[in-house]
Amino acid sequence: MENWQIYAIGFTAQILFSARLLHQWLLSEKLRMVVTPSLFWKLSLFASFLLFVYGYLRDDFAIMFGQGITYFIYIRNLYLQNTWQRLPSWLQWLLYLFPIGVISFFINFKSFHIDKLFFNEDIPFWLLALGTSAQIVFNLRFIYQWFYSEKIRQSVLPLGFWVLSLFGASLILFYAILRQDPVLFIGHILGSIIYVRNIVLSLKAYA
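Rules of the game
Note that residues are indexed from 1 along each chain, following the sequence as it is written. Two thresholds apply to this predicted model, a pLDDT of at least 70 for residue-level local features and 80 or more for giving and counting side-chain atom pairs, whereas whole-chain, interface and lining totals are computed over all residues. The side-chain quantities take in all heavy atoms of the structure and omit both hydrogens and water. Note on conventions: DSSP H or I runs of at least 4 residues are helices, E runs of at least 2 residues are strands, and numbering of each starts at the N terminus. Given the number of residues in a helix, its expected span is that number minus one, multiplied by 1.5 Å. In this scheme, the bend at a residue equals the angle between the axes fitted to the seven residues that finish there and the seven that begin there. When two rings of Phe, Tyr or Trp (its six-membered ring) have centres within 6.5 Å they constitute a pair, described as stacked for plane angles under 30 degrees, edge-to-face for angles over 60, and tilted for the intermediate range. Residue burial is assigned from relative accessible area. The probe radius is 1.4 Å, only protein chains are included, and a residue is buried under 20% of its type maximum, exposed over 50%, and partly exposed in between. Cation placement over rings: the criterion is NZ of Lys or CZ of Arg within 6 Å of the ring centroid and within 35° of the ring normal. By definition, a salt bridge exists where a carboxyl oxygen of Asp or Glu is found within 4 Å of a side-chain nitrogen of Lys or Arg. The contact rule is simple, with two residues in contact once any of their heavy atoms fall within 4.5 Å. Polar contacts, as used here, are pairs of N or O atoms within 3.5 Å; protein pairs need one atom able to donate a hydrogen and one able to accept it. Residues neighboring in sequence count only if both atoms are side-chain atoms. Points on a 1 Å grid over protein atoms alone make up a cavity when a 1.4 Å probe fits among them but cannot get out, and a pocket when they form an open set with protein on both sides within 12 Å along at least five of seven lines; lining residues each have an atom within 4 Å of a point. Grid points are joined across faces, edges and corners, and a volume is the space filled by probe spheres set on the points.

Enquirer: Can you break down helix 3 (residues 61-80) residue by residue, with the values?
Expert: Between its terminal C-alpha atoms helix 3 stretches 30 Å, which fits the 28 Å expected from 20 residues at 1.5 Å a residue. If you look at helix 3, its biggest bend is around 25°, right at Thr 70. Looking one or two residues beyond helix 3, the residue adopting positive phi is Asn 82, at roughly 60°.

Enquirer: With reference to specific residues and values, describe the packing of aromatic side chains.
Expert: Tallied over the full model, the rule gives 14 aromatic pairs. When the centroid spacing of 6.4 Å and the interplanar angle of 55° are considered together, the rings of Phe 138 and Tyr 195 count as tilted. Of the two residues, Phe 138 is situated in helix 6 (residues 125-152) and Tyr 195 in helix 8 (residues 182-206); the sequence distance between them amounts to 57 residues. Residue Phe 138 shares its accessibility class with Tyr 195, and that shared class is buried. When the centroid spacing of 4.8 Å and the interplanar angle of 85° are considered together, the rings of Phe 161 and Trp 162 count as edge-to-face. Across the pair, exposure class does not vary: Phe 161 and Trp 162 are buried alike. Members of the aromatic cluster, connected to one another through ring pairs, are Phe 40, Trp 41, Tyr 74, Phe 138, Phe 142, Phe 161, Trp 162 and Tyr 195. We note Arg 141 situated over the ring of Phe 138; from NZ or CZ to the ring centre the distance is 3.8 Å.

Enquirer: Which residues make up unusual backbone geometry, and what values go with them?
Expert: Of note in the backbone geometry, Arg 32 takes a positive phi value of approximately 60° without being a glycine. Although it is not a glycine, Gln 180 adopts a positive phi angle of roughly 55°. Note on placement: Gln 180 falls in the loop between helix 7 (159-179) and helix 8.

Enquirer: Can you lay out the pattern of salt bridges for me, pointing to particular residues and giving the numbers?
Expert: This model, assessed by the stated rule, comprises 5 salt bridges. Between Arg 197 and Glu 29 there is a salt bridge, with the nearest N and O atoms lying 2.4 Å from each other. Linking Arg 197 in helix 8 with Glu 29 in helix 1 (residues 3-31), this pair joins segments that are 168 residues apart in sequence. Its salt-bridge partner being Arg 153, residue Glu 150 comes within 2.9 Å of it at the nearest N-O pair. The exposure class assigned to Arg 153 is exposed, which follows from its relative accessible area of 54%. One continuous salt-bridge network, built from bridges that share partners, spans Glu 29, Arg 32 and Arg 197.

Enquirer: An account of the environment of Ser 155 is needed here, citing residue identities and associated values.
Expert: Positionally, Ser 155 belongs in the loop between helix 6 and helix 7. A residue is classified by how much of its surface remains accessible, and Ser 155, at 6% relative accessible area, is buried. Expressed as a C-alpha distance, the spacing of Ser 155 and Asn 77, which sit 78 residues apart in the sequence, is 5.6 Å. Contacts of Ser 155, omitting those with residues within four sequence positions, involve Thr 36, Trp 41, Asn 77, Leu 80, Gln 81, Gln 145 and Ser 149. Engagement of the side chain of Ser 155 in a polar contact is seen with the side chain of Trp 41, the distance being 3.1 Å.

Enquirer: Report on empty space enclosed by the protein, specifying residues and quantitative values.
Expert: Applying the stated criterion across every chain, the model contains 2 cavities of 30 Å³ or more. Within this model, the largest cavity holds a volume of roughly 180 Å³. Along its surface, the largest cavity is lined by 18 residues, and Gln 14, Phe 17, Arg 20, Phe 138 and His 188 are the ones closest to its centre. When residues of the lining of the largest cavity are traced back to their parent elements, those giving at least two are helix 1, helix 3, helix 6 and helix 8.

Enquirer: Describe the environment of Val 196, and please don't skip the residues or the numbers.
Expert: Residue position: Val 196 is located in helix 8. The exposure class assigned to Val 196 is partly exposed, which follows from its relative accessible area of 41%. Spatially, the C-alpha atom of Val 196 lies 7.1 Å from that of Leu 166, the residues being 30 residues apart in sequence.

This is the structure:
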């Protein structure tokens, strides 16, 4: 696959991620409080899949790992919003099995090599460790958000989610610069601005 095609997949994923944040931010500004629209989780689900594919095509385990963590958390949040239950059963099963199908396809038809992910000459091990650590921190926000939402039985985006988002995005930006990855850099620069604004809105709600 040509480089421009790989980057097109990555940028499409980041556009969807940015669209979810813009939609969430505009609704929050309108209501003067942080809200969690169902479209946020729908766009997250599809963008996560695309970015996983981009990570594979870039031989970047850090990206693949990050998206693997959050995919099913997105589904759970749609369930908590009673949106998942309204989807046709066939679509629910398709979305559940989609990641397994993608991995199976790559293993069987795309010569999936573990050594390319963990011992890639283009990514020194220390840089891979940095990128993976950054993804772990960044995706802890969704684990935190998931536990918080399960506790109150409602899908919400609490203050801690935005704080972890900003900190994790800063680490990924550093990784993106070292990795010379424009997809990660542009996506997280735009996201960081909205993270700061949501922190401000959340703090005002506590005041």
